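Observations on chain architecture
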Amino acid sequence: KQEVTQIPAALSVPEGENLVLNCSFTDSAIYNLQWFRQDPGKGLTSLLLIQSSQREQTSGRLNASLDKSSGRSTLYIAASQPGDSATYLCAVRLGTGFQKLVFGTGTRLLVSP
Amino acid sequence: NAGVTQTPKFRVLKTGQSMTLLCAQDMNHEYMYWYRQDPGMGLRLIHYSVGEGTTAKGEVPDGYNVSRLKKQNFLLGLESAAPSQTSVYFCASSPTRRSSYEQYFGPGTRLTVT
């Protein structure tokens, strides 16, 4: 059974720091991995999607990497800002056709001014 | 495009009451999903649909029913609400293979059952 873990559960950093969020999964046979952002009381916003054949994806100050063989993904946030404060979730898709996403429980990030 | 919308945003029910949550998407997506989010447990799939007129059970379907009479709408029903159904409910939709099934989420419905 696929399990997704995100450590740490919470992270607090001062503005301007570069930071890394971690996501690990137990079964390396994934189709893709998606990183989401969730603001308090809001829905999930997709940030980046990495196919299993890719090593990384970039969007602005965000860079997500994938090491399928070791069952790990990282989300790198450069020059963090208070507006980055949110919960970050990763989720893996197991295959093509209908396959559910398996979610981690998230890392709650606080960036203080 | 409005994306994925959910109605209502908040609701309080008494045990035993019924209600329907409405999800609508304007992106012509084939797949639609209902999740619940509980503290410390992540998102769990309740029911899903791979196309108009189809529905299927997810991980935690007990106590819920769904219908997808129109491609753009996916309804989640609670026939007899229980306190264990207090949660935040999210609807999502995704296209099929050409976009790698990327999921788009609605803003959520916060339901409290007393």
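Residues numbered from 1 in each chain as written. Chains lettered and ligands numbered in written order. Predicted model: local features only at pLDDT ≥ 70, side-chain atom pairs only at ≥ 80, totals over all residues. Heavy atoms only, no water.

Contact with chain B, which involves 22 residues of that partner, is made by 23 residues of chain A. Here chain B packs against chain A, burying approximately 1,800 Å² in sum over the two surfaces, 59% of which is carbon and sulfur. Where chain B touches chain A, the interface holds 0 salt bridges. Counting across the chain B and chain A interface gives 4 residue pairs in polar contact (both at pLDDT 80 or more). The set of elements that each furnish at least two residues to the side of chain B that touches chain A consists of strand 4 (31-38) and strand 5 (42-49) of chain B. (Contact = heavy atoms within 4.5 Å. Buried area = accessible area lost by both parts, 1.4 Å probe. Salt bridge = Lys/Arg side-chain N within 4 Å of Asp/Glu carboxyl O. Polar contact = N/O pair within 3.5 Å; in protein donor to acceptor, adjacent residues only side chain to side chain. Helix = DSSP H or I, 4+ residues; strand = E, 2+ residues; numbered from the N terminus.)

Quick look at the state of the cysteines now. One covalent bond between the sulfur atoms of two cysteine residues makes up a disulfide. Per the stated rule, a full pass over the model turns up 2 disulfides over all chains. The disulfide bridge from Cys-23 of chain A ends at Cys-90 of chain A, spanning 2.0 Å between sulfur atoms. The disulfide joining Cys-23 of chain A to Cys-90 of chain A has a torsion of about 75° about its S-S bond and is therefore right-handed. Of the two residues, Cys-23 of chain A is situated in strand 3 (residues 19-25) and Cys-90 of chain A in strand 9 (residues 86-93); the sequence distance between them amounts to 67 residues. Residue class for Cys-90 of chain A comes out buried when judged on its relative accessible area of 0%. Cys-23 of chain B shares a disulfide with Cys-91 of chain B; S-S distance 1.9 Å. With the S-S dihedral at roughly -75°, the linkage between Cys-23 of chain B and Cys-91 of chain B falls on the left-handed side. Highlighted residues: Cys-23 of chain B in strand 3 (residues 19-25) and Cys-91 of chain B in strand 9 (residues 87-94), separated in sequence by 68 residues. (Disulfide = S-S within 2.5 Å. Buried < 20%, exposed > 50% of the residue type's maximum accessible area, 1.4 Å probe, protein only.)

Before going further, it helps to examine the pairing of strand 3 of chain A. Residues and elements named next belong to chain A. Of the two faces of strand 3, only one is covered, namely that formed by Leu-19, Leu-21, Cys-23 and Phe-25; the face formed by Val-20, Asn-22 and Ser-24 stays uncovered. The pairing of strand 1 (residues 4-7) with strand 3 spans 4 bridges and is classified as antiparallel. Bridge pairing in strand 3 places Gln-6 opposite Cys-23. One ladder, built from 6 bridges, connects strand 3 with strand 8 (residues 72-77); its direction is antiparallel. Looking across to strand 8, one finds that Asn-22 is bridged to Thr-74. (Pairing = 2+ DSSP bridges.)

What follows deals with the sheet that holds strand 6 (residues 56-59) of chain A. All names here are of chain A. A sheet is described by the order of its strands in space; here 5 strands give the open sequence 1-3-8-7-6, paired in antiparallel fashion. Edge positions in the open sheet fall to strand 1 and strand 6, since each of these has one partner strand only. On average, adjacent strands in this sheet sit at an angle of 15° to one another, irrespective of strand direction. (Axes fitted to C-alpha atoms, helices over the stretch in contact; angles between N-to-C directions.)

Next up on the list: the packing of aromatic side chains. Geometrically, a pair of aromatic rings is defined through the distance of the ring centres and the angle of the planes. All names here are of chain A. Summed over all chains, the structure comprises 7 aromatic pairs over all chains. Summarising the aromatic geometry, the rings of Phe-36 and Phe-103 are spaced 5.8 Å apart at their centres and angled 35° between planes, so their arrangement reads as tilted. Taken together, the positions of Phe-36 in strand 4 (residues 32-38) and Phe-103 in strand 10 (residues 101-103) put the pair 67 residues apart, joining distant regions of the chain. Under the relative-accessibility criterion, Phe-36 is labelled buried at 0%. (Phe/Tyr/Trp six-rings, centres within 6.5 Å; stacked < 30°, edge-to-face > 60°.)

A few words now on the sheet that holds strand 3 of chain B. All names here are of chain B. Here 4 strands make up an open sheet; going across it, the order is 1-3-8-7 and the pairing antiparallel. At either margin of the open sheet sits one strand with a lone partner, and together these are strand 1 (4-7) and strand 7 (64-67). Between one strand axis and the next, the sheet turns through 20° on average, direction left out of account.

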